[in-house]
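Single-letter residue listing:
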Amino acid sequence: MSKILEKRQLTRETVLMKIEAPLIAKKALPGQFIIFRVEEGGERVPLTIAGTDHTEGSVTIIFQMVGKSTMRLGAKETGESIADFVGPFGKPSELDPYKGKNVAVIGGGLGVAIAYPQAAYLHKIGAHVDVIAGYRSIDLIILEDELRSSSDNFYLITDDGSSGRKGFVTDMLKEILEQGKQYDLVIAIGPLVMMRAVAEMTRPYDIETVVSMNTIMVDGTGMCGCCRLTVGGETKFACVDGPDFDAHKVDFEEAIRRSRAYVEQENHDRKSEQERHRCRLTGEVRHE
Amino acid sequence: MNKKKRNMSNVKVSMPEQAPDVRNKNFSEVALGYTEEMAQEEALRCLHCKNHPCVSKCPVNVDIPGFIEKVASGDYEQAYQIIASTNSLPAICGRVCPQETQCESTCIRGIKGEPVAIGRLERFAADWHLANVKEQPPKPKTNGRRVAVIGSGPAGLTCAGDLAKMGYEVTVYEAFHVAGGVLMYGIPEFRLPKKLVQTEIDGLKALGVEIVCNTVIGLTLSIEDLFESGYEAIFIGSGAGLPRFMNIPGENFNQVYSANEFLTRVNLMQAWRWPETSTPINIGKRVAVVGGGNVAMDAARCAKRLGADEVMIVYRRSEEELPARQEEVEHAKHEGIIFNLLTNPTEIKGSEGWVTGMTCIRMELGEPDASGRRRPVPVEGSEFDIELDTVIMAIGQSPNPLLRNTTEELKCHSWGGIIVDEETLATSMPGVWAGGDAVTGAATVILAMGAGKTAAHSIDAYLKEKK
């Protein structure tokens, strides 16, 4: 059992939790992930680590309550425990070589939560860091202050223009690149379609671009191959070979198809989970 | 010696099992075990021959005639104690050991007829003990010296059990959320009930073995960390957790599973109980399992139970070369699994990312290869297509790469197996031993247990020397 030391609602859908996990906190580096299971019978869900606190012995995760397991996790309160919390899995991001270099860190939606530790680490080691953070709408903005303080330039974008610039992260990136800015590295973390769009944008400029592939997983140790994807024509396992990969080599079409393998079951589970929280008087679904 | 009359029947007392058309729709155990009468009758088939070749054929050297005699005389607890003195997981071995190639293969009753059903009798004694004896054996006096075991599969559990009996304080580290390794994620419920694995593990805990789940050695903690925290010796039994694929086109379509993934979803994550549990599985109507080993049989039989209309084994050699146990092949056939032998896939077909079929080629057997089996050769121009919803690749597993990727000092073969001294199982790292599938590649439960036992003795000798 792993204890929830702190819970914070960041938006209506997004929750931050600090989980007691001293061994993982000690070992985890930016880019690595954990796997959690809320309860007996629960599924194993991978989540990229959003931060660690060595003194407290905690690991921070940020998640959206969009599926059965994340909804059940989000329903837990500070002081309660979850069944399992294991890691850190995957290879850490290779950030040290970019000391003193120009880096753009691009986060989309929940991906911002994962992009943040990368930006913070790069900023700390003395890289020049531009952050482009994209959200659907103003009420979904997370980690704005944290990102501002760990970047040299911060660009806020919303799909609907309710805050910052209206548009997509790629619109902003396009503008910056067209102004002639030179990047040594672009890190893109977010929905698969967003990461693909960034990859296509940087390809003609030949800028090294890294994406974090959040595939479906079971064990996280290379045992099942559920997380496999094609990178440069070769099959790779996101859990042990990644999760970071060269964005220009990833077969995104395949990755998008594979991410939909259990859409039917996910929809079924989400509906029955919402029913559990539906108010019998008003018919409304309760949100935490 | 037993006074009862020796049973000279040439065939084993048959063991009751669920009817094939009933069991292929449920996950309850297929074989139901002997009654006391059946066990005694079968035990009386043992001639107690002078050389008892069966014992030396057992990787953990169970005193087979000794325990069989106790079964014959109705002293079942004593029979169990005899087995348990050298075998820490009797109820498991009685079910999943390939007795026909080990103990039973040398039984002199097998010269004229069937050998004594040693496996069934072992299972009977273990089940009788589990059902009738509730108290745990006394915890051995500890010698205060600590040993860490990496992996809680058959190799790790055996090593841990044997060391605990010698007085060592043993901690077993497991990456998954439950202990048992392949016994939990790999072998299906209908062949090895998980409650039984749990009971055997509880028995080890009673001996003082501590089991720590959710800890991946190589990631959460390194081997170095373990030594620093006071363990004096380490045994690696991390198993064969790296699935092989065929490297043919289409293997990344949705609904192509590795057998490891398929079985882990079904057994460990209990996908067969979805939506009561949360891990889903897609099965479809027509399923092909590629491969001919026990894992392939397990996957095929699970697929049938999950409701597939048609499940077929696709294997490149002929029936004679099937590496699976005869018993498993028979069970699979009775349950309606189709065998497409001398057939090899060349491509998996798909539409919009999902499997729709598989192109296969007919094979014929040529000259014997390095394994001594006749090499399968494609018959030119014999390609044909099968319509399918799901393909499960069960063509073998390699040792799990996590530990070797994160532990430079641990010397490994290029194919991934950890290099060990064959006699002692010592690795290239001082104070570290390894055994089971992590060393050999995918093999059997009992061979892994044998390795765990050998390593326990080596570790004991090393620590006594070291003082």
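None of the values given here were measured: they were computed from a predicted structure.

What counts and how
- Residues numbered from 1 in each chain as written.
- Chains lettered and ligands numbered in written order.
- Predicted model: local features only at pLDDT ≥ 70, side-chain atom pairs only at ≥ 80, totals over all residues.
- Heavy atoms only, no water.
- Helix = DSSP H or I, 4+ residues; strand = E, 2+ residues; numbered from the N terminus.
- Rg over C-alpha atoms; globule rule 2.2 N^0.38 Å.
- Buried < 20%, exposed > 50% of the residue type's maximum accessible area, 1.4 Å probe, protein only.
- Contact = heavy atoms within 4.5 Å.
- Areas by Shrake-Rupley, 256 points an atom, 1.4 Å probe, with all protein chains shown as cover.
- Pairing = 2+ DSSP bridges.
- Axes fitted to C-alpha atoms, helices over the stretch in contact; angles between N-to-C directions.
- pLDDT = per-residue confidence, 0-100.
- Buried area = accessible area lost by both parts, 1.4 Å probe.
- Salt bridge = Lys/Arg side-chain N within 4 Å of Asp/Glu carboxyl O.
- Polar contact = N/O pair within 3.5 Å; in protein donor to acceptor, adjacent residues only side chain to side chain.
- Core = buried A, V, L, I, M, F, W, Y, C linked by side-chain atoms within 4.5 Å.
- Arc of directions from axis to C-beta.
- Patch = residues over 30% accessible without salt bridge, like charges linked within 9 Å, V, L, I, M, F, W, Y side chains within 5 Å.
- Domains from an automatic or database assignment.

Draft legend 1. Representation of the overall build of chain A within the structure. Per the secondary structure count, chain A includes 9 helices and 17 strands. The C-alpha radius of gyration of chain A comes to 19 Å, within 12% of the 19 Å expected for a compact globule of 288 residues. For chain A, the residues scored as buried account for 56% of the 288 residues in total. By sequence separation, contacts in chain A at least 24 residues apart represent 64% of the contacts at least 6 residues apart. When the accessible area of chain A is evaluated, it comes to approximately 12,400 Å², of which 48% is carbon and sulfur surface.

Draft legend 2. Helix H12 (residues 259–268) of chain B, seen in detail. Residue and element names in this part refer to chain B. A large share of H12 lies buried, amounting to 10 of its 10 residues. Of the positions making up H12, those classed as buried are Ala259, Asn260, Glu261, Phe262, Leu263, Thr264, Arg265, Val266, Asn267 and Leu268. Once H12 ends, the next one or two residues include Gln270, with phi positive near 55 degrees.

Draft legend 3. Region of interest: the sheet that holds strand E14 (residues 390–393) of chain B. All names here are of chain B. If you trace the 5 strands from one edge of the open sheet to the other, you get E6-E14-E7-E8-E9, paired in parallel fashion. Every other strand in the sheet has two partners, leaving strand E6 (256–258) and strand E9 (338–340) as the edge strands with one partner each. Ignoring strand direction, the axes of neighbouring strands in this sheet form an average angle of 25 degrees. Along the sheet, helix H13 (residues 294–305) contacts strand E7 (286–290), strand E8 (310–314), E9 and E14; its crossing angle with E8, the most-contacted strand, is approximately 170 degrees.

Draft legend 4. Local environment of the confidence of the model for chain B. With 99% of its residues at a pLDDT of at least 70, chain B reaches an overall mean of 94. Here the predicted complex scores 0.93 on pTM and 0.92 on ipTM.

Draft legend 5. Region of the structure containing the interface of chain B and chain A. With 42 residues of chain B at the interface, the matching set in chain A holds 39 residues. Note on chain B versus chain A: buried area summed over both sides is about 3,400 Å², and carbon and sulfur give 54% of it. Three residues stand out in chain B for area buried against chain A, namely Leu219, Asn252 and Ser278 of chain B, and they jointly supply 19% of the buried area on that side. Lys27 of chain A is paired through a salt bridge with Asp225 of chain B; the nearest N and O atoms lie 2.3 Å apart. Run the count over chain B and chain A and you get 24 residue pairs in polar contact (both at pLDDT 80 or more). Elements with a contribution of two residues or more to the side of chain B that touches chain A: strand E5 (242–243), E6 and H12 of chain B. Top element by residues in the side of chain B that touches chain A is H12 of chain B. It accounts for 4 residues.

Draft legend 6. A look at unusual backbone geometry. That bond from Gly87 of chain A to Pro88 of chain A is cis: its omega, -5 degrees, falls within 30 degrees of zero. Inspection of the secondary structure assignment puts Pro88 of chain A in strand E8 (residues 84–89). With an omega dihedral of 15 degrees, the bond running from Gly242 of chain A to Pro243 of chain A counts as a cis peptide bond. Along the polypeptide, Pro243 of chain A turns up in the loop between helix H7 (238–241) and strand E17 (244–246). Here Gln270 of chain B, not a glycine, exhibits a phi torsion of approximately 55 degrees, which is positive. Residue position: Gln270 of chain B is located in the loop between H12 and E7.

Draft legend 7. Expanded view of the nonpolar core. Counting residues in hydrophobic clusters, the biggest one holds 102 residues, and the most contacted among them are Ile64, Phe67 and Ile236 of chain B. Apart from the residues within four sequence positions on either side, Ile236 of chain B is in contact with Ile150, Ile223, Leu403, Leu410, Ile418, Val432, Trp433, Ala434 and Gly435 of chain B. In terms of nonpolar packing, the next biggest core, distinct from the first, is built from 57 residues, Tyr183, Val240 and Phe245 of chain A together with Ile386 of chain B among them.

Draft legend 8. Structural view of helix H6 (residues 192–202) of chain A. Residue and element names in this part refer to chain A. Of all the positions in H6, only Met194, Met195, Val198, Ala199, Met201 and Thr202 are classed as buried. Take H6 and look down its axis: the buried residues cluster within an arc of 165 degrees, on one side only. Structurally, H6 contributes buried residues whose contacts are with strand E9 (102–108), helix H5 (169–178), strand E13 (185–189), strand E14 (209–212) and helix H8 (252–259).

Draft legend 9. Region of the structure containing a nonpolar patch on the surface. On the surface, Met8, Leu47, Ile108 and Ile111 of chain B cluster together into a nonpolar patch covering about 390 Å² of accessible area. Topologically, Leu47 of chain B is positioned in the loop between helix H2 (36–43) and helix H3 (53–56).

Draft legend 10. Spatial organisation of the side chain of Lys18 of chain A. Residue and element names in this part refer to chain A. The topology assignment puts Lys18 in strand E2 (residues 14–20). Assessed through its relative accessible area of 19%, Lys18 is described here as buried. The contacts of Lys18, once residues within four sequence positions are left out, are Lys3, Ile4, Leu5, Glu6, Glu56, Ser58, Val59 and Thr60.

Draft legend 11. Region of the structure containing the domain arrangement of chain A. Residue and element names in this part refer to chain A. Domain annotation for chain A reports domain 1 (2–89) and domain 2 (96–261). Of note, the centres of domain 1 and domain 2, computed from C-alpha atoms alone, are 21 Å apart. Between domain 1 and domain 2, the residue contacts involve 17 residues of the former and 23 residues of the latter. Together domain 1 and domain 2 conceal approximately 1,700 Å² of surface at their shared face, both sides included; 65% is due to carbon and sulfur atoms. Three residues stand out in domain 1 for area buried against domain 2, namely Pro30, Phe33 and Thr48, and they jointly supply 25% of the buried area on that side. Put simply, domain 1 and domain 2 have 1 salt bridge between them.

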